[in-house]
Amino acid sequence: MTTRARSNFALAEAGREFWRHPSPWALSLTFAGALTTRIVVGDWQLTDAVLPALMVATFPVLEWIIHVGILHWRPRSVGRFVVDPLLARKHREHHCDPRKVELIFMPWQSLLWVLPTAVAIALVAFPRLGLGLTYLVCLTALGLAYEWTHYLIHTDYKPKTSLYRSIWRNHRRHHFKNEHYWFTVTTTGTADRLLGTYPDQSTVPTSATAKDLHGATR
């Protein structure tokens, strides 16, 4: 999967490889725990339906912000120090070698603070525990959807539906056409269109730094 394309790569094979990596397990276990606790707590209200709908609707914008602001962070010097977060460094490696499977997923080191932070927000930032747990269930479900979609796009699995084909094409343009556009992963033509990074691809030049973000190795 890291060296050459395979025309017969099946969805079941992709699924088996997906579960060999830490982030799907970490997200799914957190999801299962949050969902079980949410059912036990009860106290269902209208906001438990409204909040997931809002989170799903705004998720493409969140993807865009994280992709642009964190993953495409340009290293900056502050005095004698260089500010270059792990997520940004790993993402540059991912652009350099988009077929290297372990670089597709969220780094396990980041999960050590991302998931505890999400749990803490669920417990303290909402007016009632049930709503916080609803938030955590939805957030981890969206995280799993993101990891699966991103992973699948970078495998040799070929699109079978028009919806997935458009998402697949959108992200591959970001990697192989121009890294300054097409930042969403799980959707196409949503946040990119809203935020001005969804041009007609025929008008966009092929970037010399799509595999070398910011020309970091030059």
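Details of the structure are given in the entry above.
Notes on the structure follow. (Residues numbered from 1 in each chain as written. Predicted model: local features only at pLDDT ≥ 70, side-chain atom pairs only at ≥ 80, totals over all residues. Heavy atoms only, no water.)

## Here's the deal with the pattern of salt bridges
Counted according to the given criterion, the structure contains 7 salt bridges. Here E17 ties to R20 by a salt bridge, and the two come within 2.8 Å at their closest N and O atoms. Where R128 meets D43, a salt bridge forms, and the shortest distance between an N and an O atom there is 3.5 Å. Of this pair, R128 sits in the loop between helix 5 (108-124) and helix 6 (129-153) while D43 sits in the loop between helix 2 (22-41) and helix 3 (47-71), placing them 85 residues apart in sequence. The exposure class of D43 is partly exposed, given its relative accessible area of 39%. (Salt bridge = Lys/Arg side-chain N within 4 Å of Asp/Glu carboxyl O. Helix = DSSP H or I, 4+ residues; strand = E, 2+ residues; numbered from the N terminus. Buried < 20%, exposed > 50% of the residue type's maximum accessible area, 1.4 Å probe, protein only.)

## Some remarks on helix 2
Compared with the 28 Å implied by 1.5 Å per residue over 20 residues, the 28 Å span of helix 2 between its first and last C-alpha is a close match. Buried residues in helix 2 make contact with helix 1 (11-18), helix 3, helix 5 and helix 6. Following helix 2 by one or two positions, G42 has its phi on the positive side, about 70°. (Expected span 1.5 Å × (residues − 1). Contact = heavy atoms within 4.5 Å.)

## Structural notes on the nonpolar core
Counting residues in hydrophobic clusters, the biggest one holds 14 residues, and the most contacted among them are F105, Y151, I153 and Y164. For this core, the elements supplying multiple residues, two or more each, are helix 1, helix 6 and helix 7 (162-176). Those residues in contact with I153 that lie beyond four places of it in its chain are Y164, I167, W168, H171, R172 and V185. With 12 residues, the next largest nonpolar core counts F59, A118, V137 and C138 among its residues. (Core = buried A, V, L, I, M, F, W, Y, C linked by side-chain atoms within 4.5 Å.)

## Some details on the packing of helix 2 against helix 6
In the contact formed by helix 2 and helix 6, the axes pass within 9 Å of each other and the chain directions differ by 155°. Between helix 2 and helix 6, the angle falls in the class roughly antiparallel. Two packed elements cross with a definite hand, and for helix 2 against helix 6 that hand is left-handed. On helix 6, the residues touching S23, P24, L27, S28, T30, F31, A34, L35, T37, R38 and V41 of helix 2 are L129, G130, L133, T134, L136, V137, T140, A141, G143, L144 and E147. In the contact of helix 2 with helix 6, the residues fall into 12 nonpolar, 8 polar and 2 charged. (Axes fitted to C-alpha atoms, helices over the stretch in contact; angles between N-to-C directions. Parallel < 35°, antiparallel > 145°, perpendicular 65-115°, else oblique. Left-handed = near helix turned anticlockwise from the far one by under 90°. Nonpolar A, V, L, I, M, F, W, Y, C, P; charged D, E, K, R; others polar.)

## Notes on the side chain of H174
Along the chain, H174 falls in helix 7. Exposure remark for H174: the relative accessible area of 0% places this residue in the buried category. Here H95 takes part through its side chain, which lies 3.2 Å from a polar atom of the side chain of H174. (Polar contact = N/O pair within 3.5 Å; in protein donor to acceptor, adjacent residues only side chain to side chain.)

## Comments concerning helix 1
Listing the buried residues of helix 1 in full gives A14, G15, E17 and F18. Looking straight down helix 1, one finds that the buried residues subtend no more than 165° of arc, so they occupy a single side. Exposed side of helix 1, more than 90 degrees from the buried face: A12 and R16 are the residues found there. (Arc of directions from axis to C-beta.)

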